Amino acid sequence: MIKTDAIVLEKHSYMGRDNYVTRVQFNVNGVTRECDLNTYSILWKKGKKIKIYYNPDKY
């Protein structure tokens, strides 16, 4: 696992349900990536920097 900073891009509903996920962007080894976190917090506003763990074996 690689600990890195991510920037919150948006929140969106998952499969049209009431469950929300958080879309983030982060950089690992010079490569910019985006992914959905399976969680959401009202404290995570667009543009906020958060810490995440990235698993390069299971992107």
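Throughout what follows, the structure given in this document is the object of discussion. In this text, all values refer to a predicted model and were calculated from it rather than measured experimentally.

### Let's talk about the sheet that holds strand 3 (residues 31-37)
With antiparallel pairing, the 4 strands of this open sheet are ordered in space as 3-2-1-4. Looking at the sheet topology across the chains shown, the edges are occupied by strand 3 and strand 4 (49-54). Neighbour to neighbour, the strand axes of the sheet diverge by 40° on average, direction disregarded. One ladder, built from 6 bridges, connects strand 1 (residues 2-13) with strand 4; its direction is antiparallel.

### Digging into the nonpolar core
With 9 residues, the main nonpolar core is built from Ala 6, Val 8, Val 24, Phe 26, Val 28, Leu 37, Ile 50, Ile 52 and Tyr 54. Elements supplying a minimum of two residues to this core: strand 1, strand 2 (20-28) and strand 4. The residues contacting Val 28, other than those within four sequence positions of it, are Ile 2, Thr 4 and Tyr 54.

### Examining the pairing of strand 2
Where strand 1 and strand 2 come together, 7 bridges link them in antiparallel fashion. Of the residues in strand 2, the one forming a bridge with Val 8 is Val 24. Alignment of strand 2 against strand 3, held across 7 bridges, turns out to be antiparallel. Bridged to Phe 26 within strand 3 is Arg 33.

### Some details on the packing of aromatic side chains
Per the stated rule, a full pass over the model turns up 2 aromatic pairs. Measuring from ring centre to ring centre gives 5.3 Å for Phe 26 and Tyr 54, while their planes differ by 50°; the resulting arrangement is tilted. Here the residue Phe 26 occupies a position in strand 2, and Tyr 54 occupies one in strand 4, the gap between them amounting to 28 residues. Here Phe 26 falls in the buried class, since its relative accessible area comes to 3%. We classify Tyr 54 as buried; its relative accessible area is 8%. When the ring centre of Tyr 20 is taken as reference, the NZ or CZ atom of Lys 11 above it lies at 4.2 Å.

Reading the values: the criteria
Residues numbered from 1 in each chain as written. Predicted model: local features only at pLDDT ≥ 70, side-chain atom pairs only at ≥ 80, totals over all residues. Heavy atoms only, no water. Pairing = 2+ DSSP bridges. Helix = DSSP H or I, 4+ residues; strand = E, 2+ residues; numbered from the N terminus. Axes fitted to C-alpha atoms, helices over the stretch in contact; angles between N-to-C directions. Core = buried A, V, L, I, M, F, W, Y, C linked by side-chain atoms within 4.5 Å. Buried < 20%, exposed > 50% of the residue type's maximum accessible area, 1.4 Å probe, protein only. Contact = heavy atoms within 4.5 Å. Phe/Tyr/Trp six-rings, centres within 6.5 Å; stacked < 30°, edge-to-face > 60°. Lys NZ or Arg CZ within 6 Å of the ring centre and 35° of its normal.

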